[in-house]
Amino acid sequence: MKTTTNATGPGGDVRLAGISKTYGSFTAVHPLDLTVPQGSFFALLGASGCGKTTTLRMIAGLEEPSAGTVHLGDQDVTALPPYKRPVNTVFQSYALFPHLDIFENVAFGLRRRGVKSVKKQVEEMLDLVQLGEQARKKPHQLSGGQQQRVAVARALINHPKVLLLDEPLGALDLKLRRQMQLELKRIQTEVGITFVHVTHDQEEAMTMADTVAVMNGGRVEQLGAPADLYENPRTTFVANFLGTSNLIEAEVGARDGDDLVVKAAGDKLLLPAGRCSAPAGTGGKVLVGVRPEKIGIAHADEAGAVPEGRNRLTGTIAATSFIGVSTQYVVDCEACPGVEVYVQNIDRDPRLVPGADVVLHWNPAHTFGLDAAQDIDAGLAEEEAAR
Ligand code: ATP
């Protein structure tokens, strides 16, 4: 069902061109070019203060850009006030009218525009957010998740071309947040309009969005589909912000077909050249990355059973924690202290306890390479710009 059919169609893509925001000498958003395609669920993800809300507010018209333009479809809306833009925003504080019932809260936008017969549209919206039964309740009689859905219905009834969501689930507890993530995704798929969602929660962004832009220090560091960002991070920030990464300092050696052979302490590892975002000249430094769940762990006595062709590091277990579905190991290796390994609890080897010598091993195809100098360079450039 396409409930808001007149909100679909062309014109729902968001194009930011060279948009930036400065406050005095502080740059909250560096010049940014970004296109959010019509009908997509797009997330701006980053830690507190990275500029994601400022970016969203510039799309909404609540913040004036210091430079650059905002287009919605073919229309340049940079100079338009918020109420003249075909966008609506849902905030963390749902801001429902406490004295109006749910029906009237949702009907509000229509009534303000002088629409006389609102019943059919309001009922459609309440069905969309599965609150048809609650129409005559007041906001305080609903749960947090239900109130949030009223806020979404109230925004969508205005048929915006783009719905902006500013940490909309921030006030909900974890379980409800998970439910609402799936619910919002369902609603977006059903109405088919562009959603731009701001969050600091990587799991939330990955669950809901088709495309995620990871922001850091007022810049988009990397943009892509969730699985692509997770499997192929191109900066240390992205590698660490989305899940956990083991990053091992290594030196680039010879090339072996499509792989780079890198040396980490005494160990040689294979790194697919196509998965290395660092300039990979011989003798250069790289950070070799591998996700904890990609690593297998074998007791040193079973080292001979590890299949040929896998990357391997030897080390000693420093700590283990059993967390139900998996056991997490922290392993000190010569090449890297504190390597994290997550192993599904199927056949646990009782010898894998702190102090045990082990071999860590993984498929070289799961290895990625990052520029070891990148963070230092970025820091220096930032300092230079501030001078
Ligand atoms: P949060 O998740 O905490 O909301 P955010 O990533 O959304 O963070 P923004 O609200 O976009 O971050 O703020 C980006 C930076 O700009 C922050 O360092 C913030 O302190 C600064 N900033 C925001 N608004 C103003 C303002 N009106 N004056 C000065 N600095 C501001």
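Reading guide: rules and limits
Residues numbered from 1 in each chain as written. Predicted model: local features only at pLDDT ≥ 70, side-chain atom pairs only at ≥ 80, totals over all residues. Heavy atoms only, no water. Near = heavy atom within 4 Å. Areas by Shrake-Rupley, 256 points an atom, 1.4 Å probe, with all protein chains shown as cover. Helix = DSSP H or I, 4+ residues; strand = E, 2+ residues; numbered from the N terminus. Nonpolar A, V, L, I, M, F, W, Y, C, P; charged D, E, K, R; others polar. Pairing = 2+ DSSP bridges. Contact = heavy atoms within 4.5 Å. Axes fitted to C-alpha atoms, helices over the stretch in contact; angles between N-to-C directions.

Colleague: Any chance you could explain the site of the ligand here in plain terms?
Modeller: Around the ligand, a shell composed of Tyr23, Phe26, Ala28, Ala47, Ser48, Gly49, Cys50, Gly51, Lys52, Thr53 and Thr54 is seen. Coverage of the ligand by the protein amounts to 58% of the 640 Å² it exposes when considered alone. Secondary structure elements with two or more residues in the shell around the ligand: strand 2 (26–36) and helix 1 (52–60). Class assignment for the residues of the shell around the ligand results in five nonpolar, five polar and one charged.

Colleague: Is there a simple way to explain the sheet that holds strand 4 (residues 67–72) in this structure?
Modeller: Strand pairs in the sheet, formed through backbone hydrogen bonds, run parallel or antiparallel to each other. Across the sheet, four strands lie side by side as 2-1-4-5; this open sheet has antiparallel pairing. Only two strands of the sheet have a single neighbouring strand rather than two, namely strand 2 and strand 5 (75–76). Pairing geometry for strand 4 and strand 5, over two bridges, is antiparallel. Each bridged residue has a counterpart across the sheet, and for histidine 71 the counterpart in strand 5 is aspartate 76. Packed on one face of the sheet, helix 1 meets strand 1 (14–23), strand 2 and strand 4 and runs near 120 degrees to strand 1.

Colleague: Quick question: what am I supposed to make of the sheet that holds strand 12 (residues 259–264) here?
Modeller: The five strands are arranged 13-12-11-14-20 in an open sheet whose pairing can be described as antiparallel. Looking at which strands have only one partner, the edges of the open sheet turn out to be strand 13 (267–272) and strand 20 (368–371). Averaged over all adjacent pairs, the angle separating strand axes in this sheet is 50 degrees, with direction ignored. Strand direction decides the pairing type here: strand 14 (residues 285–290) and strand 20, joined by four bridges, are antiparallel. Residue pairing for strand 20: glycine 289 is matched across the bridge by phenylalanine 368.

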